[in-house]
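# Structural characterization, general
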Amino acid sequence: MRWLERVFVFCVGLVVFLNLVPLGARLNWTLELTTHFRVQYLVLTALMLAVAALRRRWRAVAALVAAGAVSAVAVFPFLPRALGSEAAAVAGPQPLKVLTVNVSYRQFLPRRLLEIVREADPDIVVVQELTPHAERVLADLDTAFPYYRKFPADRQYGIGLWSRHELESSETIALGRLPAIEARVRGPSGSFTVIGVHLSAPVTRRRAAARNEQLVALAGRTARVDGPPLVPRDFNQ
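Residues numbered from 1 in each chain as written. Predicted model: local features only at pLDDT ≥ 70, side-chain atom pairs only at ≥ 80, totals over all residues. Heavy atoms only, no water.

### A word on the overall build of the chain
Rules: Think of it this way: any DSSP run of H or I at least four residues long counts as a helix, any run of E at least two long counts as a strand, and we number them from the N terminus. Categorising residues by exposure relies on relative accessible area from a 1.4 Å probe, with only protein chains included: less than 20% of the type maximum marks a residue as buried, more than 50% marks it as exposed, and the intermediate range marks it as partly exposed. Here, two residues are considered to be in contact whenever any of their heavy atoms come within 4.5 Å of each other. Values of accessible area rely on a 1.4 Å probe in the Shrake-Rupley scheme; residue burial ignores everything except the protein chains shown.
A count of helices and strands for the chain gives 10 helices and eight strands. Over its C-alpha atoms, taken along the principal directions, the chain stretches across nearly 65 × 45 × 40 Å. Buried residues in the chain amount to 36% of all 237 residues. By sequence separation, contacts in the chain at least 24 residues apart represent 55% of the contacts at least 6 residues apart. As displayed, the chain has an accessible area near 14,300 Å², and 59% of this comes from carbon and sulfur atoms.

Shown next, in the form of C-alpha cells:
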C-alpha cells in the first residue's frame, strides 16, 4: 500500500513544516500570520505522533517531537495563567473578573451580548468595534456598570469600557491611528490601570507594520503605569 505510505510521509512533512514556518515570522509579514495558530499545530502534531507511534515510525516520531517543541515553547508560558491553582486565588487579593468582547460591527447581536454579560457577571467590560448604534442599544450597561468611558465610532474603530468600580481617571488615547481607552480603577483591593485596545488586523504589509507600531506604543504606555496593568484586548492574532 504505497499510496498510504506516501500519504503518511506527506502528512508528517506538512505538520513539521507548519510548526517550523513561524520561525520566519520576522522575515515577512505573511509568515507572521502563521504564528497565530500554534495551538492548532500542537493538536495536529499530537494526532500525527499517535499515528507514527502506532506504525512504529520512530524517525517520524522524533521529527514531530522536535517540531512540536517549537510551537510548545510559544504556547506553554500561557498555561499557568489559565491553570492557576484555586488555592492561590483564595489566598490572594479579591479576584476581579474582566470581560472583553469584539461585537463585530457587521454582525452585532446586542441581546446576546447582554445575556453574556449577565451570565459572566464581570467587574469590567471592554467592547471593541463600538459603533454609535451599539452604544444606543447597549444603554443597559450604563446602569449595571455606572462608571464608564466610551468612544463610539463608525465601522471597527470604536471602543468602550464599563466598570462596577469607580474610575479615578479615564481617557481615550491613541495607539498609532487607532483609539484605545486607559482608565485607573479603584478596585476592592487597591487601584489598578486598565488599557482596552483593538489593534489593526495584519492582513497586508502596511497593516502588519501599523499593528507592530501599535504594539510598541502599547508597551511604552504600560511601562509607565503604576503596578501591573490589565490589557483587555483584541490583538487580531
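Moving on, there is more to tell.
### Focus on the sheet that holds strand β4 (residues 159-163)
What counts is decided by this rule: Here the rule is simple: two strands pair whenever DSSP picks up at least two bridges between them. Orientation is described by lines fitted to C-alpha atoms, with helices fitted over the stretch in contact, and by angles between N-to-C directions that extend from 0 to 180 degrees.
Across the sheet, which stays open at both edges, the four strands sit in the order β1-β2-β4-β3 with mixed pairing between neighbours. The two strands at the open ends of the sheet, each matched to only one other strand, are β1 (98-102) and β3 (147-151). Within the sheet, the average angular offset between the axes of one strand and its neighbour, ignoring direction, is 10 degrees. Of the strand pairs in this sheet, strand β2 (residues 124-128) and β4 are connected by five bridges, and their pairing is antiparallel. Pairing of I124 across the sheet is with S163, part of β4.

### Regarding helix α1 (residues 2-20)
Note the following rule: Working rule for helices: expected span equals 1.5 Å times residues minus one. When we speak of the arc, we mean the arc of directions from the helix axis to the C-beta atoms.
For α1, spanning 19 residues, the distance from its first C-alpha to its last is 27 Å, which sits close to the expected 27 Å at 1.5 Å a residue. Taken residue by residue, α1 has F8, V12, V15, V16 and N19 as its buried positions. Taken end-on, α1 shows its buried residues confined to a sector of 100 degrees, consistent with a single buried face. Projecting away from the buried face of α1 at angles above 90 degrees are the exposed residues R2, W3, R6 and F10.

### Examining the nonpolar core
Quick note on the threshold: The set of buried Ala, Val, Leu, Ile, Met, Phe, Trp, Tyr and Cys residues whose side-chain atoms join them within 4.5 Å is what this entry labels a nonpolar core.
Among the nonpolar cores identified, the biggest contains 15 residues, and L113, V117, V125, V127, L138, L141 and W162 are the most heavily contacted of them. Put simply, the parts of the chain that give this core at least two residues each are β1, α7 (110-120) and β2. Ignoring sequence-local partners within four residues, the contact set of L141 consists of L114, V117 and W162.

### Concerning the sheet that holds strand β7 (residues 190-198)
Backbone-to-backbone hydrogen bonds pair the strands of a sheet. The strands run either parallel or antiparallel. Read across the open sheet, the four strands follow the order β5-β6-β7-β8; overall the sheet is mixed. The sheet is open, and its two borders are formed by β5 (167-175) and β8 (233-234), each paired with just one other strand. With eight bridges connecting them, β5 and strand β6 (residues 178-187) associate as antiparallel partners. Of the residues in β6, the one forming a bridge with T172 is I181. Sitting on the sheet, helix α10 (residues 205-223) touches β5, β6 and β7, and the angle it makes with β5 is about 150 degrees.

### Focus: the packing of helix α3 (residues 38-54) against helix α4 (residues 58-75)
In plain terms, the rule: Throughout this description, any angle smaller than 35 degrees is read as roughly parallel, any larger than 145 degrees as roughly antiparallel, any in the 65 to 115 degree range as roughly perpendicular, and the remainder as oblique. By definition, any crossing whose near helix is turned counterclockwise from its far helix by less than a right angle is left-handed, and any crossing with a clockwise turn is right-handed.
Orientation of α3 relative to α4, taken along the N-to-C sense of each, is 160 degrees, at an axis distance of 9 Å. Between α3 and α4, the crossing angle belongs to the class labelled roughly antiparallel. For the pair α3 and α4, the crossing hand works out as left-handed. Contacts from R38, V39, Y41, L42, T45, M48, L49, A52 and A53 of α3 reach α4 at W58, A60, V61, L64, V65, G68, S71, A72, A74 and V75.

### Thoughts on the pairing of β6
Within a regular strand, the side chains alternate between the two sheet faces. Of all the 10 residues making up β6, nine are buried; the element is thus mostly covered by neighbouring parts of the structure. Hairpin connection, β5 to β6: the antiparallel pair is bridged by two residues, and G176 has positive phi, about 65 degrees. In this antiparallel pair of consecutive strands, β6 and β7, the connection spans two residues.

### Some remarks on empty space enclosed by the protein
Operational definition: As defined here, a cavity is a set of points on a 1 Å grid over the protein atoms alone where a 1.4 Å probe fits but cannot get out. A pocket is an open set with protein on both sides within 12 Å along at least five of seven lines, and residues line them when an atom is within 4 Å of a point. Grid points are joined across faces, edges and corners, and a volume is the space filled by probe spheres set on the points. Only Asp, Glu, Lys and Arg are considered charged in this grouping, and only Ala, Val, Leu, Ile, Met, Phe, Trp, Tyr, Cys and Pro are considered nonpolar; every other residue, Gly among them, is considered polar.
A full pass over the atoms with the stated rule returns one cavity of 30 Å³ or more. The space that makes up the largest cavity amounts to roughly 40 Å³. Class assignment for the residues of the lining of the largest cavity results in four nonpolar, three polar and no charged.

### Some thoughts on a nonpolar patch on the surface
For clarity, the cut-off: Two joining distances apply to patches: 9 Å for like charges and 5 Å for nonpolar side chains (Val, Leu, Ile, Met, Phe, Trp, Tyr), and every residue must have over 30% relative accessible area and no salt bridge. For this document, the term salt bridge refers to a Lys or Arg side-chain nitrogen within 4 Å of an Asp or Glu carboxyl oxygen.
A surface patch of nonpolar side chains, about 350 Å² in accessible area, is lined by V39, V43, L44 and L47. Structurally, L44 is set in helix α3. Relative accessible area serves as the criterion here: at 38%, L44 is assigned to the partly exposed category.

### A word on α3
Spanning 17 residues, α3 covers 24 Å between terminal C-alpha atoms, matching the ideal 24 Å at 1.5 Å per step. Those residues of α3 lying buried are R38, Y41, T45, M48 and A52. Down the axis, α3 shows its buried residues gathered within 80 degrees of arc, on one side only. Turned more than 90 degrees from where α3 packs its buried face, L47 and L54 sit exposed. Considering only its buried residues, α3 is in contact with α1 and α4. Positive phi appears at R56, one or two residues downstream of α3, with a value of about 60 degrees.

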